[in-house]
Amino acid sequence: MTHVDPYFRKLTGNYLFSEISRQVAQFQAAYPEKRLIRLGIGDVTRPLPAAVVEAMTAAAAEQGTPAGFHGYGPEQGYPFLREAIALHDYQDRGIHVDPDEIFVSDGAKSDCGGIGDLFAAGNTVALCDPVYSVYLDTNVMAGRAGEFDPATGRWSGFLYLPCTAENGFVPAPPAEQADLIYLCFPANPTGASAGRAQLQAWVDYANDYNSVILFDGAYEAFVTTPGVPRSIFELPGARTCAIEFRSFSKTAGFTGTRCAYTVIPRELEREGVSLHRLWARRQATKTNGVCYVVQRGAQAVYTPAGRAQVAENLAYYRRNALTLRAGLTQTGLTVYGGVDSPYLWVKTPKDQTSQSFFRLLLEEAGVVTTPGSGFGPHGEGYIRLTSFGKAGETQEAAERIAALL
Ligand SMILES: *Cc1c(COP(=O)(O)O)cnc(C)c1O
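Residues numbered from 1 in each chain as written. Predicted model: local features only at pLDDT ≥ 70, side-chain atom pairs only at ≥ 80, totals over all residues. Heavy atoms only, no water.

In the vicinity of the ligand there are 14 residues, among which D216, Y219, S247, S249 and K250 approach most closely. A distance of 2.7 Å separates an oxygen atom of the ligand from a polar atom in the backbone of A108. Relative to its unbound accessible area of 390 Å², the ligand is 93% covered by the protein chains. When the residues that make up the shell around the ligand are grouped by side-chain class, the tally is six nonpolar, four polar and four charged. (Near = heavy atom within 4 Å. Polar contact = N/O pair within 3.5 Å; in protein donor to acceptor, adjacent residues only side chain to side chain. Areas by Shrake-Rupley, 256 points an atom, 1.4 Å probe, with all protein chains shown as cover. Nonpolar A, V, L, I, M, F, W, Y, C, P; charged D, E, K, R; others polar.)

If you want it as structure tokens, here you go:
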């Protein structure tokens with residue numbers, strides 16, 4: 001008799017995006033003539049930078065030659081990429097991170113999902129509400145949740161950190177002990193960025209309480225506001241309490257190419273155990289690393305041409321965000337985010353639920369958004385829009401919504 005994992009079985013319902021895709025597909029099937037504009041799922045639309053494509057093409061050709069062939073590489077990533085990351089993303093910005101503290105991977109999702117392997121099931125997990133569901137679901141799978149209460153939409157074992165308009169969608173540290181703290185700023189889904197003092201409060205809390213901050217910096221490249229930290233390691237004390245996840249997905253268009261990295265400082269220890277060593281061991285056991293060709297592509301992101309091309313793509317998405325912000329604000333909607341982030345977090349008008357406003361925009365404007373309630377109880381009353389669409393369609397979406405409201 002085979003027994004299924006009891007924690008895995010506790011996971012309820014569909015993964016948010018599958019459920020939305022189902023509703024959208026159903027609607028499209030019923031009205032095939034309607035042209036939908038998709039500003040829901042957080043996938044990019046700009047193609048890979050030319051510098052990346054050239055580097056990957058050259059690397060693929062190398063793989064076909066006896067002298068240039070690469071078999072299994074180092075599980076943590078090739079030194080050429082780890083050095084480029086440490087230099088350009090950290091040292092050039094005055095942040096202390098060494099190449100051997102960088103673990104290259106196939107995605108920040110894999111790493112955010114896998115990092116829980118290092119920690120005991122009994123740890124208390126603190127999560128933002130609303131939240132990127134990967135942190136929540138993977139901790140349910142790991143047995144760190146209690147029971148789900150359909151009445152509140154919450155699990156009994158988690159410490160929820162409400163992100164509301166009142167706190168600017170950046171929660172302060174709680175009064176209670178939290179052991180594993182997931183933070184993502186600029187945030188998905190609210191688009192909020194956290195200021196220096198706000199992040200410093202978390203770093204100080206984590207050092208005081210011997211907690212670990214799991215900092216998802218997937219959107220750091222979108223920060224434009226002066227003084228807003230792009231890395232948790234800009235804050236004094238972070239090296240003894242934080243792990244940072246980063247990705248080439250949203251920055252350089254790697255959502256389908258797959259490359260990311262995780263930074264674990266050597267100083268970070270709990271119960272006398274180096275988390276850096278533990279993660280190295282875990283990675284060496286569970287993966288054989290990332291494709292050589294892809295790592296060469298990621299390296300090219302840091303060349304002068306690569307950087308200029310990435311900057312162009314980011315500027316393109318920023319213009320979309322401004323278009324949406326301006327268009328929706330003009331119609332009288334209350335709009336958050338979209339400044340240091342590709343996400344706009346929009347208050348539903350007239351106290352509608354997320355789901356009913358989502359359906360209205362889908363059915364009457366042909367615009368696909370994401371209901372905020374899907375990200376947690378405090379997402380109720382909001383919808384999320386992304387600026388990752390095509391510029392023309394984004395403009396048209398803003399116009400369609402304006403015409404509707
Ligand atoms: C898109 C996204 C990522 C990136 O995931 P990859 O697996 O690297 O593509 C990570 N965290 C958040 C919050 C995201 O929205």
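Moving on from the coordinates now.
The next point concerns the packing of aromatic side chains. Each aromatic ring pair is specified by the distance between its two centres and by the angle formed by the two planes. Within the structure shown, the criterion is met by 24 aromatic pairs. For R46, the ring lying beneath its charged end belongs to Y316, and the centroid distance is 4.2 Å. Taking the ring centre of F103 as reference, the NZ or CZ of R82 above it sits at 6.0 Å. (Phe/Tyr/Trp six-rings, centres within 6.5 Å; stacked < 30°, edge-to-face > 60°. Lys NZ or Arg CZ within 6 Å of the ring centre and 35° of its normal.)

Next up on the list: the pattern of salt bridges. Counting across every chain of the model gives 20 salt bridges. Across the pair E244 and R246 runs a salt bridge, and its minimum N-O distance is 3.3 Å. Just as E244 is buried, R246 falls in that class too. A cluster of three or more residues bridged by salt bridges with shared partners is formed by D89, R93, E220, R230, E244 and R246. (Salt bridge = Lys/Arg side-chain N within 4 Å of Asp/Glu carboxyl O. Buried < 20%, exposed > 50% of the residue type's maximum accessible area, 1.4 Å probe, protein only.)

A separate point is the packing of helix α11 (residues 354-365) against helix α12 (residues 391-404). The contact between α11 and α12 brings their axes to 10 Å, and the two run at 100 degrees. The pairing of α11 with α12 is recorded here as roughly perpendicular in orientation. Here α11 contributes L360, L361, E364 and A365 to the contact with α12, which in turn contributes R400, I401 and L404. Residue composition of the contact of α11 with α12, by class: five nonpolar, no polar and two charged. (Axes fitted to C-alpha atoms, helices over the stretch in contact; angles between N-to-C directions. Helix = DSSP H or I, 4+ residues; strand = E, 2+ residues; numbered from the N terminus. Parallel < 35°, antiparallel > 145°, perpendicular 65-115°, else oblique. Contact = heavy atoms within 4.5 Å.)

Next up on the list: unusual backbone geometry. Across the junction of D129 and P130, the peptide omega takes the value 5 degrees, indicating a cis bond. Position of P130 among the secondary structure elements: in the loop between β3 (125-129) and α5 (133-141). Across the junction of F185 and P186, the peptide omega takes the value -5 degrees, indicating a cis bond. In this structure, F169 takes a positive phi of about 65 degrees despite not being glycine.

In this section: the layout of surface pockets. Roughly 450 Å³ of volume is contained in the second largest pocket. In terms of lining, the second largest pocket is formed by 20 residues, of which the most central are G42, K109, Y132, K250 and T255. If you list the elements that add at least two residues to the lining of the second largest pocket, you get α4 (108-114) and α7 (249-252). (1 Å grid on protein atoms, 1.4 Å probe; cavity = no way out; pocket = protein on both sides within 12 Å on 5 of 7 lines; lining within 4 Å. Points joined across faces, edges and corners; volume = space filled by probe spheres on them.)

What follows is about the side chain of N188. Structurally, N188 is set in the loop between β7 (180-184) and α6 (196-209). Of the polar contacts made by the side chain of N188, one reaches the side chain of R384; its length is 2.6 Å. Setting aside residues up to four positions removed in sequence, N188 forms contacts with V131, Y132, Y219, Y343 and R384.

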